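Spelled out from the first residue to the last, the chains are:
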Amino acid sequence: MTPLRALAALVVALAAGAALLVFAPDKPDTAPAARMGLAAAWPRAQRADLPGNLRDGPIYHPGLFLDARTSVGTAPSPDGTAERLLVRNADETVRELRRRPLSGNPEFGAFTITGDDLVWTESADGTPLEIWTAKVAGGPARRLTTDTGNAVFFGSQWDLVLADGRVHWAAAAPEGEQVTEIRSVPLTGGKVTVREEPGTWALTTWPWLTNGGGDQSGTTVLRNLAANKDTPVRTTGPELITCSATWCRVLVMNGEGLARIDLMHPDGTARRRVAGSAAGAAVPDVAVLDRFELLSETGPDSDLTGTAGLLIYDLKTNRTVDISPAVDGVFTRNGVAWWATGDQDNLVWHTLDLRTV
């Protein structure tokens, strides 16, 4: 399996893998409107098809897009000695932010951005996880902290959250303690603050937390850190639910497997069917921009090719948009979705800026 296919499989597994003991409630549901093609549904959306290789040769892996053509991502150096963190511009030129020796198995990840402030994590063999920042427009990168605790990331756009001038992330407490540490550090640098929250939590839109990220029961409670208030998630039976602060994805099963996928508000209102039994979650995040649910759809050759169709359900218009019949890896951050086609020798990155739909 190629690295791209492994990533795609991981995303789908995280989103849907726990739904083994869930059964469909006895309630009617309404199918979404007829499907449309991308060009017909969103003719003004900004899109791009970008070569998988940089001009200097190596394969490039985006970690975050600023718009349909400008991104931050990683690629080896041409001589194969280092992993680089780069800003890739619309004209295919690059600006290097950081590099670390490949001998240390470096990894750059958990990218997030607010305005011109880019934040990411770095790790390598024998060193603790670090959090770094830089201005996208230019200037040197700065390390914010190495005091990251046992950071827990889910492949979500909310793994790092920028709010109130601070970078926030979740970390597991020492072994045996049922506590989640909500850690933060000023964007200007300084001491890390740790807030302990009993239970297992993940960050979503600030100041909200969701529970159940690693449980078969799924999300049952949302917690507002600013108001110190919990909001229970309404269920209609044994369903697997994954929530943001605004929307929940509901995996509904029957005795034969997945029956359908619904979306609803955490209080159970505005519930609607968005996909049938052939679909699955394409990314961990629910209802990107509080509007777009990214879905994968397996085909007869998916087991052989490792690819799946990409669909997006639009909550605003109650319709499903066909994006691509066969993609290899789907990702979203900063309101931009991107996916790959081709193979390691002929890789193409495709983008869709959902903010421009």
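Small disclaimer: the values here were computed from a predicted structure and weren't measured.

Reading the values: rules and limits
Residues numbered from 1 in each chain as written. Predicted model: local features only at pLDDT ≥ 70, side-chain atom pairs only at ≥ 80, totals over all residues. Heavy atoms only, no water. Helix = DSSP H or I, 4+ residues; strand = E, 2+ residues; numbered from the N terminus. Contact = heavy atoms within 4.5 Å. Areas by Shrake-Rupley, 256 points an atom, 1.4 Å probe, with all protein chains shown as cover. Pairing = 2+ DSSP bridges. Axes fitted to C-alpha atoms, helices over the stretch in contact; angles between N-to-C directions. Buried < 20%, exposed > 50% of the residue type's maximum accessible area, 1.4 Å probe, protein only. Salt bridge = Lys/Arg side-chain N within 4 Å of Asp/Glu carboxyl O.

S.K.: I tried to follow the overall build of the chain on my own but got confused; where do I start?
M.R.: Counting its secondary structure elements, the chain contains three helices and 30 strands. The long-range share in the chain, meaning contacts at least 24 apart out of those at least 6 apart in sequence, stands at 40%. Just so you have it, the chain exposes about 15,900 Å², and 52% of that area is on carbon and sulfur atoms.

S.K.: How should the sheet that holds strand S2 (residues 46–51) be read in this particular structure?
M.R.: Strand pairs in the sheet, formed through backbone hydrogen bonds, run parallel or antiparallel to each other. Spatial strand order, S2-S30-S29-S28: four strands in an open sheet with antiparallel pairing. In the strand order of this sheet, the two ends are held by S2 and strand S28 (330–333), each with one partner. The mean angle between the axes of side-by-side strands here comes to 20°, regardless of whether they run parallel or antiparallel. Here S28 pairs with strand S29 (residues 336–341) via four bridges, running antiparallel. Within S29, the residue paired with Arg 333 across the bridge is Val 336.

S.K.: Even after reading the chapter, I still don't get the environment of Gly 52, so can you show me in this structure?
M.R.: The topology assignment puts Gly 52 in the loop between S2 and strand S3 (61–65). The exposure class assigned to Gly 52 is buried, which follows from its relative accessible area of 1%. The spacing of Gly 52 and Asn 346 is 294 residues in sequence and 7.3 Å in space, taken between C-alpha atoms. Once you skip the residues sitting within four places of it in the chain, Gly 52 turns out to touch Pro 58, Ile 59, Tyr 60, Leu 347, Val 348 and Trp 349.

S.K.: Would you mind going over the pattern of salt bridges with me for this structure?
M.R.: Pairs can form between side chains of opposite charge once their charged atoms are near each other. One pass over the structure, following the stated rule, counts 21 salt bridges. In this structure, Glu 92 and Arg 88 form a salt bridge, with 2.6 Å as the shortest nitrogen-oxygen distance. Given the relative accessible area of 2%, Arg 88 is considered buried. As a salt-bridge pair, Asp 230 and Arg 223 come within 2.7 Å of each other at their nearest N and O atoms. One network of salt bridges, in which partners are shared, links Arg 98, Arg 100, Glu 122, Glu 130 and Arg 143.

S.K.: Sorry if this is basic, but what is going on with the pairing of strand S8 (residues 117–124) here?
M.R.: Summarising burial for S8: seven of the eight residues are buried, a large majority. Of the pairings in the sheet, the one linking strand S7 (residues 107–114) to S8 comprises six bridges and is antiparallel in character. Its bridge partner being in S8, Phe 108 is matched across the sheet by Glu 122. The antiparallel hairpin formed by S7 and S8 contains two residues in its connecting segment, where Gly 115 sits at a positive phi of about 60°. As defined by bridge partners, S8 adjoins strand S9 (residues 127–135) across seven bridges and the pair is classed as antiparallel.

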